[in-house]
Amino acid sequence: LSLSNFEQGMEVKVMALEDCLLAFEAANRADFFQHTMSVVCGKTGIANHFHPTSGVRVLFGRVELWMEPGCLERLVECETGMVMPRLLVGTKVKCPTENPRYRGEIGSISLHFLRVNGERDYARVTVRYPDSHEEYPFPDQVVLVP
């Protein structure tokens, strides 16, 4: 599940559908769509972005998909690697918030789809509380809860 074996601009190949399903399950991601994944299995693309929850974004021509590292085979050796800790879906965390109702409360990492000015903001992560309220801290602001 580590991003350390990948770097931006690296060419990667998507592994078999079964490998992709296992990788998404290991990361607690429920956004695995067999019809989409089966189209890209065996294809090569370029790793062009990284996110603590979403994994590795791969560019296939003009289409980009978020993949888990376990779905991908490196086609070249990695020299530096991405240094970014993973915050898997469902991980319990506390985060700073201006809202006093949620200060000190425990939330869970959720899939991240925050839009700012029409663009996805992948600098942040999504923390969802039991009542469905969401906060969007930077990854280094969250504290893991054992």
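Scroll up to find the structure this text is about.
Residues numbered from 1 in each chain as written. Predicted model: local features only at pLDDT ≥ 70, side-chain atom pairs only at ≥ 80, totals over all residues. Heavy atoms only, no water.

**Looking at unusual backbone geometry**
Peptide bonds are mostly trans, and most non-glycine residues show a negative phi.
Next, step 1: Although it is not a glycine, Asn28 adopts a positive phi angle of roughly 60°.
Next, step 2: Here Asn28 lies in the loop between α1 (17–26) and α2 (34–40).
Next, step 3: Despite not being glycine, Ser132 shows a phi value in the positive range, around 80°.
Next, step 4: For Ser132, the position within the fold is in the loop between β10 (126–128) and β11 (134–135).
Next, step 5: By relative accessible area, Ser132 is classed as exposed at 52%. (Helix = DSSP H or I, 4+ residues; strand = E, 2+ residues; numbered from the N terminus. Buried < 20%, exposed > 50% of the residue type's maximum accessible area, 1.4 Å probe, protein only.)

**A look at the nonpolar core**
Next, step 1: In terms of nonpolar packing, the biggest core is built from 20 residues, with Val56, Met67 and Leu72 touching the most fellow members.
Next, step 2: Among the elements of the structure, β1 (11–14), α1, α2, β2 (44–51), β3 (55–60) and β4 (63–67) are those that each provide at least two residues to this core.
Next, step 3: With residues up to four places along the chain from it excluded, the contact list for Met67 reads Val14, Cys20, Phe24, Arg29, Met37, Val40, Ser54, Gly55, Val56, Val58 and Leu72.
Next, step 4: Among the nonpolar cores identified, the runner-up in size contains 9 residues, and Val93, Tyr102, Tyr129 and Val142 belong to it. (Core = buried A, V, L, I, M, F, W, Y, C linked by side-chain atoms within 4.5 Å. Contact = heavy atoms within 4.5 Å.)

**Side note on the side chain of Ser54**
Next, step 1: Mapped onto the elements, Ser54 comes out in the loop between β2 and β3.
Next, step 2: By relative accessible area, Ser54 is classed as buried at 4%.
Next, step 3: Excluding its chain neighbours within four sequence positions, the residues that come into contact with Ser54 are Arg29, Trp66, Met67, Glu68, Arg86 and His112.

**Thoughts on the sheet that holds β1**
Each strand in a sheet pairs with its neighbour through backbone hydrogen bonds, running either in the same direction (parallel) or in the opposite one (antiparallel).
Next, step 1: Spatially, β4-β3-β2-β1-β5 is the arrangement adopted by the 5 strands of the open sheet, whose pairing is antiparallel. Looking at the sheet topology across the chains shown, the edges are occupied by β4 and β5 (72–74). When the angles between neighbouring strand axes are averaged without regard to direction, this sheet yields 45°.
Next, step 2: Of the pairings in the sheet, the one linking β1 to β5 comprises 3 bridges and is antiparallel in character. Residue pairing in the sheet places Lys13 in a bridge with Glu73 of β5. (Pairing = 2+ DSSP bridges. Axes fitted to C-alpha atoms, helices over the stretch in contact; angles between N-to-C directions.)

**So, the state of the cysteines**
Next, step 1: For the coordinates displayed, the defined rule picks out 0 disulfides.
Next, step 2: The thiol of Cys41 is unpaired, and the distance to the nearest cysteine sulfur, on Cys20, comes to 4.2 Å.
Next, step 3: The partly exposed category is assigned to Cys41, whose relative accessible area is 21%. (Disulfide = S-S within 2.5 Å.)

**Considerations on the pairing of β2**
Next, step 1: In the sheet, β1 pairs with β2 via 3 bridges, with the strands oriented antiparallel. Its bridge partner lying in β2, Lys13 is registered against Thr44.
Next, step 2: In the sheet, β2 pairs with β3 via 5 bridges, with the strands oriented antiparallel. In the strand pairing of β3, Ile46 is matched with Leu59.

**Some points on the environment of Arg120**
Next, step 1: Looking at the secondary structure, you find Arg120 in strand β9 (residues 119–120).
Next, step 2: Sequence spacing of Arg120 and Asp140 is 20 residues, and the spatial spacing of their C-alpha atoms is 19 Å.

**Considering the packing of aromatic side chains**
The geometry of two aromatic rings is summed up by the distance between their centres and the angle between their planes.
Next, step 1: This structure, assessed with the given rule, holds 3 aromatic pairs.
Next, step 2: Ring geometry for Trp66 and Tyr122: centres 4.8 Å apart, planes at 55°, overall tilted. Of this pair, Trp66 sits in strand β4 while Tyr122 sits in the loop between β9 and β10, placing them 56 residues apart in sequence.
Next, step 3: A relative accessible area of 15% places Tyr122 in the buried class. (Phe/Tyr/Trp six-rings, centres within 6.5 Å; stacked < 30°, edge-to-face > 60°.)

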